[in-house]
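Architecture at a glance
Listed below, chain by chain, are the residues.
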Amino acid sequence: GDSVTQMEGPVTLSEEAFLTINCTYTATGYPSLFWYVQYPGEGLQLLLKATKADDKGSNKGFEATYRKETTSFHLEKGSVQVSDSAVYFCALSQTTGNQFYFGTGTSLTVIP
Amino acid sequence: DAGITQSPRHKVTETGTPVTLRCHQTENHRYMYWYRQDPGHGLRLIHYSYGVKDTDKGEVSDGYSVSRSKTEDFLLTLESATSSQTSVYFCAISGLAGRDEQFFGPGTRLTVL
């Protein structure tokens, strides 16, 4: 069945460091891929998405490229800020299905 | 922000008691979902609905039931709560299946003693 695997956390970075959070998926066909962010005490918010191969989703300085050949959707940011401290979830959905499949989440802490 | 509210936001109950959580949306979205979030497991789907009175089971549906009598409300019921159901519960909505993103409510923290 469909699934998402993302890198284990927690991740701790200094402010202005480069961020990569790895995400790989297993799915048939051409799923849509998403990154969600969850700040403490809140629900998940959509950060970015990509709906077809080679698409790049971007938002708030974060980027991720849909790589079908490597079944990956890694999240990157060139210079993290303290305010980026949160839990990040990779997810996929199929056009023919009703469900999302989430990774287990990666906790990011950015220290000044 | 999508108009999704959950009630209650916090609840403490005792083992064996029934509990109902409510999700209310003002977006007129067709699809509604209930997830639970636990450390090390991420989000796991409990039940979802694809229309009024149309529901289906998710990955961890045992011990839970749902009902959707109106487009805007999706209820999650724990018939007899157990300590293993202590969790944070999130409701989500989606306008279209598949490529459309899900929008999440603020969550309900449930503690079963």
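Overview of the structure. (Residues numbered from 1 in each chain as written. Chains lettered and ligands numbered in written order. Predicted model: local features only at pLDDT ≥ 70, side-chain atom pairs only at ≥ 80, totals over all residues. Heavy atoms only, no water.)

The next point concerns the sheet that holds strand 7 (residues 64–70) of chain B. Residues and elements named next belong to chain B. Within the open sheet, the four strands sit side by side as 1-3-8-7. Their pairing is antiparallel. Because the sheet does not close on itself, it has two edges, and the strands there are strand 1 (4–7) and strand 7. Adjacent strand axes in the sheet meet at a mean angle of 20° when their direction is disregarded. Direction of pairing for strand 3 (residues 19–25) relative to strand 8 (residues 73–78): antiparallel, over a ladder of six bridges. (Pairing = 2+ DSSP bridges. Helix = DSSP H or I, 4+ residues; strand = E, 2+ residues; numbered from the N terminus. Axes fitted to C-alpha atoms, helices over the stretch in contact; angles between N-to-C directions.)

Once that is clear, we can look at the interface of chain A and chain B. Contact residues are listed per partner, giving 24 residues for chain A and 22 residues for chain B. In total, about 1700 Å² of surface goes out of reach between chain A and chain B, with carbon and sulfur atoms giving 53% of it. Between chain A and chain B we count one salt bridge in total. The partner of B:Glu101 in a salt bridge is A:Lys49, with the nearest N and O atoms 2.8 Å apart. Linking chain A with chain B are three residue pairs in polar contact (both at pLDDT 80 or more), by the criterion used here. Mapped by element, the contributors of at least two residues to the side of chain A that touches chain B are strand 5 (32–38), strand 6 (44–50), strand 10 (86–93) and strand 11 (100–102) of chain A. Take the side of chain A that touches chain B: its biggest share by element is four residues, from strand 5 of chain A. Among the residues forming the side of chain A that touches chain B, the class breakdown is nine nonpolar, 13 polar and two charged. (Contact = heavy atoms within 4.5 Å. Buried area = accessible area lost by both parts, 1.4 Å probe. Salt bridge = Lys/Arg side-chain N within 4 Å of Asp/Glu carboxyl O. Polar contact = N/O pair within 3.5 Å; in protein donor to acceptor, adjacent residues only side chain to side chain. Nonpolar A, V, L, I, M, F, W, Y, C, P; charged D, E, K, R; others polar.)

Residue and element names in this part refer to chain A. Going through the model one piece at a time under the given rule, you end up with two disulfides over all chains. Covalently, Cys23 is tied to Cys90 through a disulfide, its sulfur atoms 1.9 Å apart. Linking Cys23 and Cys90, the disulfide has an S-S dihedral of approximately -70° and is accordingly described as left-handed. Remark: Cys90 occurs in strand 10 and Cys23 occurs in strand 4 (residues 23–26); sequence separation between them is 67 residues. (Disulfide = S-S within 2.5 Å.)

A few words now on the sheet that holds strand 3 (residues 19–21) of chain A. Residues and elements named next belong to chain A. Reading across the sheet, the four strands line up as 3-9-8-7 and stay open at both edges, with antiparallel pairing between neighbours. A single partner strand is all that each edge strand has here, and the edge strands are strand 3 and strand 7 (56–59). Each neighbouring strand pair of the sheet contributes to a mean axis angle of 15°, computed without reference to strand direction. Sheet topology note: the strand 8 (residues 62–65)/strand 9 (residues 75–77) ladder contains three bridges and is antiparallel.

So, on to the pairing of strand 8 of chain A. Residue and element names in this part refer to chain A. With four bridges joining them, strand 7 and strand 8 adopt antiparallel strand pairing. Within strand 8, the position partnered with Ser58 by the bridge is Glu63. Linking strand 7 back to strand 8 in an antiparallel pair, the connection comprises two residues, with Lys60 at a positive phi of about 55°.

Core analysis: the largest hydrophobic core is formed by 25 residues, its most contacted members being A:Trp35, A:Leu47, A:Leu48, A:Phe73, A:Leu75 and A:Tyr88. Examining the composition of this core, we find that four residues originate from one element, strand 10 of chain A, more than from any other. If near-sequence neighbours (up to four positions away) are discounted, A:Leu75 is found in contact with A:Leu19, A:Thr20, A:Ile21, A:Trp35, A:Leu47, A:Leu48, A:Phe62, A:Glu63, A:Ala64 and A:Tyr88. B:Trp34, B:Ile46, B:Val60 and B:Cys91 belong to the second-largest nonpolar core, a separate cluster that totals 19 residues. (Core = buried A, V, L, I, M, F, W, Y, C linked by side-chain atoms within 4.5 Å. Buried < 20%, exposed > 50% of the residue type's maximum accessible area, 1.4 Å probe, protein only.)

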